[in-house]
Amino acid sequence: MKGKKGIINRVLAALCFTMALILLLSGLGATLAKYIRQDANHGLATAAPFYFESEELAEEPLYHHLTEPAGGQLEIKFTLSNFIEETRYTGREIKYNYQVVDANGNTIEGKGGTGTLDGSGPNTAEISIAVDKSSFSGEIDGAKVDYVTVIASSLSPYAKTLSAEYGFTPRDPELQYSVEEQEGAVVLEIAGGNGSPVTVTWPSSLLTDPYNEILEDVSGSSVTFTPQPGNRYALTFLKESGGTYSKEDFTVTQE
C-alpha cells in the first residue's frame, strides 16, 4: 500500500510539473506574440514601437504624377524604412514584400519582390521597378484607369500596408494626415498637398521631440513648413502626462 502511495505521489508531482511548464511556455508565447516589453521604471507591459515607413507610399494611397516616357518603359522608385527618425526605429527584423498592380487591377508578374529591414538600427531599402508604359492604361468595372499602384506590406513582426498610385495625368494633390500612438509619443504624418506652406497646431499638453528635424527649434504649439508634393513627413510629439490623442486633436491647414 505504501508503495502504491509513493507511485501516486510521483505521478501527481510529474503532472504538476508538466502543467507548470505548459503555463510558463504559454505565457512566454503570449508575450512574444504581442511583442511587448517590460517597462524598467514602472513594471508595466507596454507595446513596443513599430515603424514601417516610406517617403513615397502611405497607408492612405498617395498619387505621383509621372512624365510620360518616349520609350516603352519607365522606372518607379520608392523607399521602405524601419524608422521615422534616428532615435525611433523598430528594433526587430521586418520582413516585407511589394508588388505592382496595373490599370486593369492585375498584379504585374516579375515586378514584385521581398526583402528584410535589419533591426540593429535605422535602415532603408531603396527599390526601383521598370514598368511598361502599356500597364498604365486599362479599365476597372467599366471605368477607365490611367495609373498603376505600388503596394508594399510588412509581413512580420506586424502587418502594415503602404501604397501609392503612379500616373501620367496631373491631379490636384490632396493634403493627407494621420495620427498614430506610439510608446510615450504621438506621431503626426503628413503627405500630399500642392507645395504651399502648411501650418500644424497641436495640444499644449504635448512636447515637441527635440530630435525631430521640423520641430527642433519650435517654441509654442504650432509650426509652419513647406512639404514637397509626393513626400511624407513625420512630426513626433512626446506625452507630458499620458493620455491618448487622435486626429481631431490636431489642426493641419495649407495656404
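This text goes with the structure placed above it.
Residues numbered from 1 in each chain as written. Predicted model: local features only at pLDDT ≥ 70, side-chain atom pairs only at ≥ 80, totals over all residues. Heavy atoms only, no water.

A.B. asks: Break down the overall build of the protein for me, citing the residues and quoting the values.
C.D. replies: Per the secondary structure count, the protein includes 1 helix and 20 strands. The 255 residues of the protein split such that 38% are buried. Of the contacts formed within the protein by residues at least 6 apart in sequence, a portion of 69% connects residues at least 24 apart. Summed over all atoms, the accessible surface of the protein reaches about 14,500 Å², with 52% contributed by carbon and sulfur. (Helix = DSSP H or I, 4+ residues; strand = E, 2+ residues; numbered from the N terminus. Buried < 20%, exposed > 50% of the residue type's maximum accessible area, 1.4 Å probe, protein only. Contact = heavy atoms within 4.5 Å. Areas by Shrake-Rupley, 256 points an atom, 1.4 Å probe, with all protein chains shown as cover.)

A.B. asks: Which residues make up the pattern of salt bridges, and what values go with them?
C.D. replies: The final tally for this structure, using the stated rule, is 8 salt bridges. Measuring nitrogen to oxygen at the nearest pair gives 3.2 Å for the salt bridge that ties Lys160 to Glu53. Linking Lys160 in strand E13 (residues 160-167) with Glu53 in the loop between strand E2 (45-47) and strand E3 (62-65), this pair joins segments that are 107 residues apart in sequence. No difference in accessibility class separates Lys160 from Glu53, as the two residues are buried. We note a salt bridge from Asp209 to Arg88, for which the minimum N-O separation is 3.3 Å. Of the two residues, Asp209 is situated in the loop between strand E17 (206-208) and strand E18 (222-225) and Arg88 in strand E6 (residues 88-89); the sequence distance between them amounts to 121 residues. A single burial state applies to Asp209 and to Arg88, both of which are buried. Members of the salt-bridge network, linked through shared partners, are Glu53, Lys160, Glu189 and Arg232. (Salt bridge = Lys/Arg side-chain N within 4 Å of Asp/Glu carboxyl O.)

A.B. asks: Kindly report on the sheet that holds strand E19 (residues 232-239), identifying the contributing residues and their values.
C.D. replies: Here we have 4 strands laid out as an open sheet, ordered E14-E15-E19-E17, and antiparallel in their pairing. Looking at strand neighbours, the two that pair on one side only are strand E14 (176-182) and E17, the edges of this open sheet. Across the sheet, the mean angle from the axis of one strand to that of its neighbour is 30°, orientation sign disregarded. (Pairing = 2+ DSSP bridges. Axes fitted to C-alpha atoms, helices over the stretch in contact; angles between N-to-C directions.)

A.B. asks: Which residues make up the packing of aromatic side chains, and what values go with them?
C.D. replies: Note on aromatic pairs: each is described by the distance of the centres and the angle between the planes. Counted according to the given criterion, the structure contains 7 aromatic pairs. Centroid distance Phe237 to Phe250: 5.6 Å. Interplanar angle 50°. Geometry classified as tilted. Linking Phe237 in strand E19 with Phe250 in the loop between E19 and strand E20 (251-254), this pair joins segments that are 13 residues apart in sequence. You can call Phe237 buried: its relative accessible area is 0%. Classification of Phe250 by relative accessible area gives buried; the value is 4%. Cluster of aromatic residues (ring-pair linked, three or more members): Trp202, Phe237 and Phe250. Positioned over the ring face of Tyr177 is Lys247, at 4.7 Å from the centre of the ring. (Phe/Tyr/Trp six-rings, centres within 6.5 Å; stacked < 30°, edge-to-face > 60°. Lys NZ or Arg CZ within 6 Å of the ring centre and 35° of its normal.)

A.B. asks: So what's going on with the side chain of Glu56? Residues and values would help.
C.D. replies: Assignment of secondary structure puts Glu56 in the loop between E2 and E3. The buried charged residue Glu56 lacks any salt bridge, with Arg232 as its nearest oppositely charged partner at 7.9 Å. For Glu56, the side chain forms a polar contact with the main-chain nitrogen of Thr79, separated by 2.8 Å. (Lys, Arg positive; Asp, Glu negative; His and termini not counted. Polar contact = N/O pair within 3.5 Å; in protein donor to acceptor, adjacent residues only side chain to side chain.)

A.B. asks: An account of the sheet that holds strand E16 (residues 198-201) is requested, with residue identities and associated values reported.
C.D. replies: Strand order across the open sheet formed by 3 strands is E18-E16-E20, with antiparallel pairing between neighbours. Each of the sheet's edge strands pairs with one partner strand only, and the pair in question is E18 and E20. On average, each strand axis in the sheet is inclined to that of its neighbour by 15°, with strand direction left out of account. Relative to E18, E16 is paired through 4 bridges, and the arrangement is antiparallel.

Treat this as a map of the structure, not an account of what it does.
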